[in-house]
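Breakdown of the fold
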Amino acid sequence: MALRFFNTYSREIEEFEPSDPTTRPIKMYTCGPTVYSRAHIGNFRAYIFEDLLQRHLELRSYKVRRVMNITDVEDKTIRGAREAGVPLQKFTEQFKDAFFEDAHTLRIKRADEYPTATDQHYIDRMVEMIRVLISNGLAYQADDNSVYFRINKFPDYGKLAHFDLTQLQSTGRVKHDEYDKEHIGDFALWKAWDQEDGDVKWDSPWGPGRPGWHIECSAMSTALLGDQIDIHCGGVDNIFPHHEAEIAQSEGVTGKKFVRYWLHCAHLLVDGQKMAKSLGNFYTVPDVLAKGYTGRELRYALLRVHYRVPLNFTWEGMNEARESLDRIDEWLVRLRDIAQKQNAQRSSPNAQGLIRKPDFENALDDDLNISAALGVLFESIRDTNRAMDQNEMDSASATAWLDWWNRINTVLGLEVEADMVIPTEVAQLAEERENARREKNWKRSDELREQIFALGWEARDTKEGPKLTRRGGSG
Ligand SMILES: [Zn+2]
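What counts, and at which threshold
Residues numbered from 1 in each chain as written. Predicted model: local features only at pLDDT ≥ 70, side-chain atom pairs only at ≥ 80, totals over all residues. Heavy atoms only, no water. Helix = DSSP H or I, 4+ residues; strand = E, 2+ residues; numbered from the N terminus. Buried < 20%, exposed > 50% of the residue type's maximum accessible area, 1.4 Å probe, protein only. Contact = heavy atoms within 4.5 Å. Areas by Shrake-Rupley, 256 points an atom, 1.4 Å probe, with all protein chains shown as cover. Axes fitted to C-alpha atoms, helices over the stretch in contact; angles between N-to-C directions. Parallel < 35°, antiparallel > 145°, perpendicular 65-115°, else oblique. Nonpolar A, V, L, I, M, F, W, Y, C, P; charged D, E, K, R; others polar. Donors = N, O, S within 2.8 Å, 3.2 Å for Na, K, Ca; no water. Tetrahedral: all angles 85-135°; square planar, octahedral: opposite > 155°, others 65-115°. Pairing = 2+ DSSP bridges. Phe/Tyr/Trp six-rings, centres within 6.5 Å; stacked < 30°, edge-to-face > 60°. Lys NZ or Arg CZ within 6 Å of the ring centre and 35° of its normal. Expected span 1.5 Å × (residues − 1).

**Describing the overall build of the chain**
Within the chain, the secondary structure is distributed over 16 helices and 15 strands. Looking at the chain residue by residue over its 475 residues, the buried ones come to 52%. Put simply, of all contacts in the chain between residues at least 6 apart along the chain, 75% involve residues at least 24 apart. As displayed, the chain offers around 22200 Å² of accessible surface, 47% of which is attributable to carbon and sulfur atoms.

**Structural notes on the packing of helix H2 (residues 75-84) against helix H3 (residues 88-105)**
When two helices pack together, their arrangement is given by the angle between the helix axes and the distance between those axes. As a packed pair, H2 and H3 sit with axes 9 Å apart at the nearest point and diverge in direction by 105°. One way to sum up the angle between H2 and H3 is to call them roughly perpendicular. Along its contact with H2, which presents Thr 77, Ile 78, Gly 80, Ala 81 and Ala 84, the element H3 presents Leu 88, Phe 91 and Thr 92. Of the residues belonging to the contact of H2 with H3, the class tally is five nonpolar, three polar and no charged.

**Section: the coordination of the zinc ion**
Within the protein, the zinc ion binds to Cys 31 (SG), Cys 217 (SG), His 242 (NE2) and Glu 246 (OE); these donor distances fall in the range 2.1 to 2.8 Å. One can describe the donor arrangement at the zinc ion as irregular, given that its four donor atoms subtend angles of 73 to 133° at the metal. Spacing between the donor residues of the zinc ion along the chain follows C-x185-C-x24-H-x3-E. Highlighted residues: His 242 and Glu 246, both in helix H7 (residues 239-254), separated by four residues, approximately one helical turn.

**Considerations on the sheet that holds strand E12 (residues 273-274)**
Strand order in this open sheet of three strands is E12-E11-E13, and the pairing throughout is mixed. Strands with a single pairing partner mark the edges of an open sheet, and in this sheet they are E12 and strand E13 (311-313). By the bridge criterion, two bridges tie strand E11 (residues 268-270) to E12 in an arrangement that is antiparallel. Paired with Val 270 across the strands is Gln 273, a residue of E12.

**Here we look at the packing of aromatic side chains**
Following the criterion strictly, the structure yields 26 aromatic pairs and no others. For the pair Trp 190 and Trp 206, a centre-to-centre distance of 6.2 Å together with 55° between the ring planes defines the contact as tilted. Separated by 16 residues along the polypeptide, Trp 190 in strand E7 (residues 188-192) and Trp 206 in the loop between E7 and strand E8 (209-211) bring together distant segments of the chain. As far as the burial class goes, Trp 190 and Trp 206 line up, both buried. For the pair Tyr 293 and Trp 315, a centre-to-centre distance of 5.8 Å together with 15° between the ring planes defines the contact as stacked. Here the residue Tyr 293 occupies a position in the loop between helix H8 (285-290) and helix H9 (295-303), and Trp 315 occupies one in helix H10 (residues 315-340), the gap between them amounting to 22 residues. The class of Tyr 293 is buried, set by a relative accessible area of 8%. Classification of Trp 315 by relative accessible area gives partly exposed; the value is 22%. Among the aromatic side chains, those forming a connected cluster through ring pairs are Phe 149, Phe 154, Tyr 157, Phe 163, Phe 187 and Phe 240. Looking at Lys 277, its charged tip hangs above the ring of Phe 282, at a distance of 4.7 Å from the centre.

**Structural notes on unusual backbone geometry**
The amide bond that connects Phe 240 to the next residue, Pro 241, takes the cis arrangement and shows omega of 0°. Looking at the element boundaries, Pro 241 is found in helix H7. Unusually for a residue other than glycine, Arg 11 sits at a positive phi of about 60°. Mapped onto the secondary structure, Arg 11 falls in the loop between strand E1 (4-7) and strand E2 (12-15). Under the relative-accessibility criterion, Arg 11 is labelled partly exposed at 35%. The backbone phi angle of Asn 145 is positive, close to 75°, even though this residue is not glycine. Mapped onto the secondary structure, Asn 145 falls in the loop between strand E5 (139-141) and strand E6 (147-149). On the accessibility criterion, Asn 145 (43% relative accessible area) is partly exposed.

**So, helix H1 (residues 41-59)**
Look at H1: 26 Å from first C-alpha to last across 19 residues, which is about the 27 Å you get at 1.5 Å a residue. Most of H1 is tucked away: 17 of the 19 residues are buried. Remark: Ser 61 follows H1 within two positions and exhibits a positive phi of approximately 65°.

This is the structure in structure tokens:
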């Protein structure tokens, strides 16, 4: 089955074809964080979707070169730095670090490049692109000294968002400071310096100022990936105006089709509502870890819903993620146990289960259908557990299943973390506790539970018997 994606541009599922079928290189650009505050779990849902996409392409033997930009200058970063009374660079640095820390916690593969907008190399490129746009008649400097993109001169403007420009005219509210523009929808390429910007400014042929957010992405993506990108991703809220503007600017300069496939990730809701600080349902990765969950559990919770479906984040959902991972872990322990034993057991068809093996990848080929792919995994777990219950699994079959897991896990990224390996001391206490429970010595059992707790572990009693889990901390 061929790889297929829903392309936002055509609003259709399209067969994915690499620009070069022999070497299969994929140029992928993903809009990164604006570093004015710590990214929230909704942002990370999109980054995890992009991670899944990259990992699946790699599983399918494509060579992915991924660039993710860091937006370290725009209105919010400037306002934040001013309010904090620190230089812009210093202000954004902390959130950049936090972003990398959280991405690591969630096991998101690193991009090949993380260009930053304030890098002089890219500022020069932005200025050059704006200069070309002006000379092509696609941009103009207004009376406020800022430079704007002239959307009326770019007939394709609105195509990605399926947006009618006349609508923009009739419903658009004209803000006082936007009277200088020819059209309400014209967006800033270069924002003239004003007092509020403090010392945040660069020289340009149009006077001191700073780039608009959209041109930053056009400059960094084409600088690092060339005029044409295979896959461009982001959240649905990036479609308009950000990605629409990226197309207009990039194609306005190069005259070539900018992006072959546009993929966008749906919103994340919390308890069925839009996440907002005012509603008290706004969570960052550390907020979730502080509740005792691991990065692995959060990764699973954010990964398991198809990227084009809004994901409703709940604490119940986090517990379900934990249970699902427990099932995977218990299954792997059983398989490893059998794989190590050199038994001559005959395997049942369920144990071999070879017929199902390509289903996981095939599901992901279908516009990254992760729910179907996970369905294949859990169905396999159920069938092979049944075979193991009935002693119908030989070591060769168990090894084959482990190999299969290792293969699909290059996409899932759900391997057990090193700090989940139970220390001997804790394991001994847990065993003592089990004995105490067997003797119905509840007082002793509780004491041991507390000792285990003090060592950073939690003894939980589940349907399948007692279990140890890491207490809180980072995943
Ligand atoms: Zn962008």
